[in-house]
Structure formats: C-alpha cells, structure tokens
Amino acid sequence: VKIEIANRSPMISLQPALSGGERTYTIVFGSNAPNPGNFDGTEGTLAQDGNSEIWIFRFSVPDVDMTLGTDLPLDDLAATGTCTRITDTPASRLPTPGSNTTAPFFADDNRESTVSDDGNVLAFISTRNLVPGVGNADGNPELFFFNIGTSGFTQATNTQEPTPSPGFSVTFQSNPSLSSDGSVVSFIS
C-alpha cells in the first residue's frame, strides 16, 4: 500500500509577543505523516491509520529592527523548531490503495486549521470525538478550538445529521478563520 503524505494548509501566527528579545512563531498544519518533522518516507504505521492530524511547528527568532537596514538572519528552522502533534485520533476509515478504477484514500478527519496572530489559539474542523462531554458520535465535521497555553480542546459546534450515513455528511462546518487575538471566528456552516 502506497499512501501520499499530505502536509496541508499551513498557517503562521503573524504577531507573536516579543519576549526576551525573541518572537516565537507558530505554524499550524495538517499531516498524515507519523512525524512530519522527521519523516523518512517509510510507511510504518501510516499504512495502518494514515489519518490526517493537526500539528504545530514552533520556532523562535531574534527580533530585528528592519528600519535600521538590518537583514533577517538565516536560520535552519528544522534545527531550532519543534513539531508537536495536537490531535491524535483513530481514522474514521482505514487507508486504501488506488487502482485503475479506484482513487487512493486516507481519512482527512482533522483539517482546515488556522492560528490566531499571537499563536495562542487554533481553530480547525474535525470529524472525531475530541471533547467527549459534548460529543461528536455521528462524525459530522465540527468546529473545534485548541488553546496552546492550556492544551485544552473546545467543541464550538454540535450539529446532528438528519439521516446518518457513514462517510457522507450533508451537515458540516468548514473554513474557519480567526480574528487577530482568536476571540472571534467565522466559518461556513
């Protein structure tokens, strides 16, 4: 089984706070690689799950006053940053290889992530049950938030499918967009 690795839709925080002369930027993205920060191209557990998960990559850079003509430093971000998995969910459906008559498939259960400008709040869409107290037993694409400081999830929507049908939803949420401080979200529903 050969499955394409998907690192999708990266978004970066635009205005992280200055602390100790540095700014820590957060990039949020979806990937089905077991470790996108150090993926060697081998399938391993990818062939058994292959679900897309939400990840963040955080790195710090010294603040530069560009009004003085200072150039930005060249940094090896892979050596200075860290990749952290935010979601860790079982796939709604196992991956399947493609053929002459069938397209390959991997579960895209956690997707469409975005980050507030300060890098503290994530918003994304998931079909998984990330907040059991609220619940997403029917697997609808729901809007979720993740607070990086508290490592806590919040389920913002809880829609119900009129007639549940595995793998196909007519009720869904999509395309979240956060305000600068993460206090307001817009999305398609």
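Above: the structure in question.
Fair warning: this is a prediction, and the values are worked out from it, not measured in the lab.

Observations regarding the overall build of the protein chain
Logical step 1: Scanning the protein chain for helices and strands turns up 1 helix and 11 strands.
Logical step 2: Reading the protein chain from its N end, one meets helices and strands in the order β-β-β-β-α-β-β-β-β-β-β-β.
Logical step 3: Per-residue burial over the protein chain gives 38% buried out of 189 residues.
Logical step 4: Looking at the protein chain alone, contacts between residues at least 24 apart form 53% of all its contacts between residues at least 6 apart.

Digging into the side chain of Thr-87
Logical step 1: Here Thr-87 lies in the loop between β5 (82–85) and β6 (110–115).
Logical step 2: Judged by its relative accessible area of 1%, Thr-87 is buried.
Logical step 3: There is a polar contact of 2.8 Å between the side chain of Thr-87 and the backbone nitrogen of Ile-54.
Logical step 4: Filtering out sequence-adjacent residues up to four positions away, Thr-87 remains in contact with Glu-53, Ile-54, Asn-110, Phe-124, Leu-130 and Phe-153.

About the cut-offs
Residues numbered from 1 in each chain as written. Predicted model: local features only at pLDDT ≥ 70, side-chain atom pairs only at ≥ 80, totals over all residues. Heavy atoms only, no water. Helix = DSSP H or I, 4+ residues; strand = E, 2+ residues; numbered from the N terminus. Buried < 20%, exposed > 50% of the residue type's maximum accessible area, 1.4 Å probe, protein only. Contact = heavy atoms within 4.5 Å. Polar contact = N/O pair within 3.5 Å; in protein donor to acceptor, adjacent residues only side chain to side chain.

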